Amino acid sequence: MAAQCVTKVELSIACTNLLDKDVGSKSDPLCVLLQNTSGQQWYEVDRTERIKNSLNPKFAKKFVIDYYFEIVQKLKFGIYDIDNKTFDLSDDDFLGEFECTLGQIVSSKTLTKPLVLKNGKPAGRGSIMITAEEVKDNRVVVFEVEARKLDNKVIKNNLNPVWRPFKISLNSLCYSDMDKSIKVECYDYDNDGSHDLIGSFQTTMSKLKEASRSSPIEFECINEKKRQKKKNYKNSGIVSVKHCEVGIDFTGSNGDPRSPDSLHYLSPNGVNEYLTAIWSVGMVIQDYDADKMFPAFGFGAQIPPSFQVSHEFPINFNPSNPFCSGGAWGWEQFFRVVKLLYFTADVEVSGLNVMLPVPVQCGLSGHTTNYRNLPGIQGIVDAYRACLPQVKLYGPTNFSPIINHVARFAAAATQQQTASQYFILLIITDGVITDLDQTRTAIVNASKLPMSIIIVGVGGADFDAMEFLDGDNGVLRSSSGEPAVRDIVQFVPFRKFQNSPKEALAQCVLAEVPQQVVNYFSTYKLQPPNNPAAK
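(A) A look at the overall build of the protein. Check the secondary structure of the protein and you find twelve helices and 25 strands. Per-residue burial for the protein yields a buried fraction of 50% across its 535 residues. In the protein, once contacts between residues fewer than 6 apart in sequence are set aside, the share between residues at least 24 apart is 70%. Accessible surface, the protein as shown: approximately 26,300 Å² in total, 51% of it carbon and sulfur.

(B) Just the pattern of salt bridges, in detail. Enumeration over the complete set of coordinates arrives at 15 salt bridges. Linking Lys183 and Glu185 is a salt bridge whose minimum nitrogen-to-oxygen distance equals 3.6 Å. Exposure remark for Lys183: the relative accessible area of 52% places this residue in the exposed category.

(C) Representation of the pairing of strand 8 (residues 122-134). In the sheet, strand 7 (residues 110-116) pairs with strand 8 via six bridges, with the strands oriented antiparallel. Each residue of the ladder has a partner; that of Leu111, found in strand 8, is Ile130. The antiparallel pairing of strand 7 with strand 8 creates a hairpin that spans five residues between the two strands, and Gly120 there sits at a positive phi of about 85°.

(D) Structural context of unusual backbone geometry. A positive phi is found at Asn53, a non-glycine position, where the angle reads about 50°. Tracing the sequence through the fold places Asn53 in the loop between strand 3 (41-47) and strand 4 (63-68). Given the relative accessible area of 16%, Asn53 is considered buried.

(E) Helix 12 (residues 513-523), seen in detail. Regarding helix 12, the residues found buried are Val513, Pro514, Gln516, Val517, Tyr520 and Phe521. For helix 12, the buried positions fall inside an angular range of 165° around the axis, keeping them on one side. Backbone geometry just downstream of helix 12 places Lys525 in the positive-phi region, at approximately 55°.

(F) Structural context of the confidence of the model for the protein. Residue-level pLDDT values for the protein average 77, and 76% of them are 70 or greater. Below pLDDT 50 for its whole length, residues 326-375 participates in 193 contacts with residues either more than four positions away or in separate chains.

(G) Quick look at the packing of aromatic side chains. In this structure the tally under the stated criterion is eight aromatic pairs. Measuring from ring centre to ring centre gives 4.8 Å for Tyr520 and Tyr524, while their planes differ by 45°; the resulting arrangement is tilted. Its relative accessible area of 3% is what places Tyr520 among the buried residues. One aromatic cluster is present, built from ring pairs that chain together Tyr422, Tyr520, Phe521 and Tyr524.

(H) Highlighting the sheet that holds strand 22 (residues 392-393). With respect to topology, three strands assemble into an open sheet ordered 18-17-22, the strand pairing being antiparallel. A strand with exactly one partner marks an edge of an open sheet, and here the two such strands are strand 18 (308-310) and strand 22.

(I) Seen up close, helix 9 (residues 436-446). Taken residue by residue, helix 9 has Thr439, Arg440, Ala442, Ile443, Val444 and Ala446 as its buried positions. The elements touched by buried residues of helix 9 are helix 8 (400-413), strand 24 (451-457), helix 10 (464-470) and strand 25 (489-493).

(J) Quick peek at the environment of Tyr67. By secondary structure assignment, the location of Tyr67 is in strand 4. Judged by its relative accessible area of 4%, Tyr67 falls in the buried class. Tyr67 sits 58 residues away from Val9 along the chain, and the two C-alpha atoms are 6.3 Å apart.

(K) Just the state of the cysteines, in detail. Scanning the entire structure with this criterion turns up zero disulfides. Between Cys15, a cysteine without a disulfide, and Cys31, which holds the nearest cysteine sulfur, the sulfur-to-sulfur distance is 6.1 Å.

(L) Just the environment of Ala411, in detail. With respect to the helices, strands and loops of the structure, Ala411 is situated in helix 8. The exposure class of Ala411 is partly exposed, given its relative accessible area of 32%. Put simply, Ala411 and Asn445 are 34 residues apart on the chain and 10.0 Å apart in space, counted from C-alpha to C-alpha.

(M) Molecular detail of the side chain of Ser200. For Ser200, the location among the structural elements is in strand 12 (residues 196-203). Relative accessible area serves as the criterion here: at 16%, Ser200 is assigned to the buried category. If near-sequence neighbours (up to four positions away) are discounted, Ser200 is found in contact with Lys183, Val184, Glu185, Glu220, Cys221 and Ile222.

Cut-offs and rules
Residues numbered from 1 in each chain as written. Predicted model: local features only at pLDDT ≥ 70, side-chain atom pairs only at ≥ 80, totals over all residues. Heavy atoms only, no water. Helix = DSSP H or I, 4+ residues; strand = E, 2+ residues; numbered from the N terminus. Buried < 20%, exposed > 50% of the residue type's maximum accessible area, 1.4 Å probe, protein only. Contact = heavy atoms within 4.5 Å. Areas by Shrake-Rupley, 256 points an atom, 1.4 Å probe, with all protein chains shown as cover. Salt bridge = Lys/Arg side-chain N within 4 Å of Asp/Glu carboxyl O. Pairing = 2+ DSSP bridges. Arc of directions from axis to C-beta. pLDDT = per-residue confidence, 0-100. Phe/Tyr/Trp six-rings, centres within 6.5 Å; stacked < 30°, edge-to-face > 60°. Disulfide = S-S within 2.5 Å.

This is the structure in structure tokens:
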């Protein structure tokens, strides 16, 4: 089982055009978050506050949930009209729901979808917007606040209220920027939801941190409309911050490739499933590359020095020269398989989710004995081993960036007058894909180009999405419905071949490539350079 790479994600919820179930007023919505355990079993994770008389609520309470990027976490958001004080939701009016995975939310950052009823029909024009924000800073701020001489009645007709202590995550409050401006608004609460603004003020966390019970920090609460109307307007009351303390909310940490539980863990003999897959497939692919110069990239990791998440980084950390070199090899074997097409393969590999985009240049180069110090795949293996201790495994698992990256090179190759370039992208991954819609679109676009995609799944994750992308059970379509013009994806689960000879995996992985290459160049009536038949 792979090490669990986990981070905390904060989900903000807002709805629009909810069903109105109340007579004489509007619905009083609340959002409940449920998570799937297995089958049809759901458990409640948390609830938002109830907002009175609103069909377009923006809930203040945020859901904080652990995000395991290699696990499919199914979520359900239910919206209810709350008209009683019972905790049970079965006696409240149901306004709609939405199901998705946490990975879909994280990869979209902001996801807006229509709400549906229990029978699957639309819940009117109701929709839900879910915004994901990674909790990079696990600090929270605890406040003690009071006010005096407020203009309107607040907290049970009290013009000098003392609010109960409350806490807010530093990330939500100011994105952990101590000098970022914070606007504080004070309202007069009304049961009908039409809360009246008393006034507001602006400050920063740097200023708020100076507050203490013996020396509170005070702010004038200003109502701009009243100030413009009244010549002698001073303020609408004083808000006093008596206490502001920043503390740490401890969270889980990412999985460690040094742990024996990780698929990236190197056993005492120096191998893991990734390396086994790289060797099995790479030893075949490298035979069709003339110079054995392999640009190697990784994705789905936090990389030094800033440890920002990257979906495309050179695993030798040298952007200007990402190549892993090796010796040169001959052409005869692949010439027999693909007939008149001759390939060089510049292979690209990710160290974490491994990718081999192979620009395949067709043309007879001749056999050479100019071997270099490292066999081609050995250069990739060495780069992978050196990279792994320096990065932090992370998520989400997005395929579309690297597919689009390789597609740009393939698009440039469409200007060729002969069958001289074809690209193969080999992805070796243990992650469940989180940008499925974007990846479908990228594959459909790539199907028009001289390019193929091979996916090898390592580990025991749910690879249903990979099978779907394979398209063997029907034509793959983009999220907008556009069909792929040809099948360019092949998926193979590595563990199916774990106890087989290494040649079996390579044979299955590469089985469809020759025909895909021939079909593309035949469609565009392109002949190989130096083709004797063309003379």
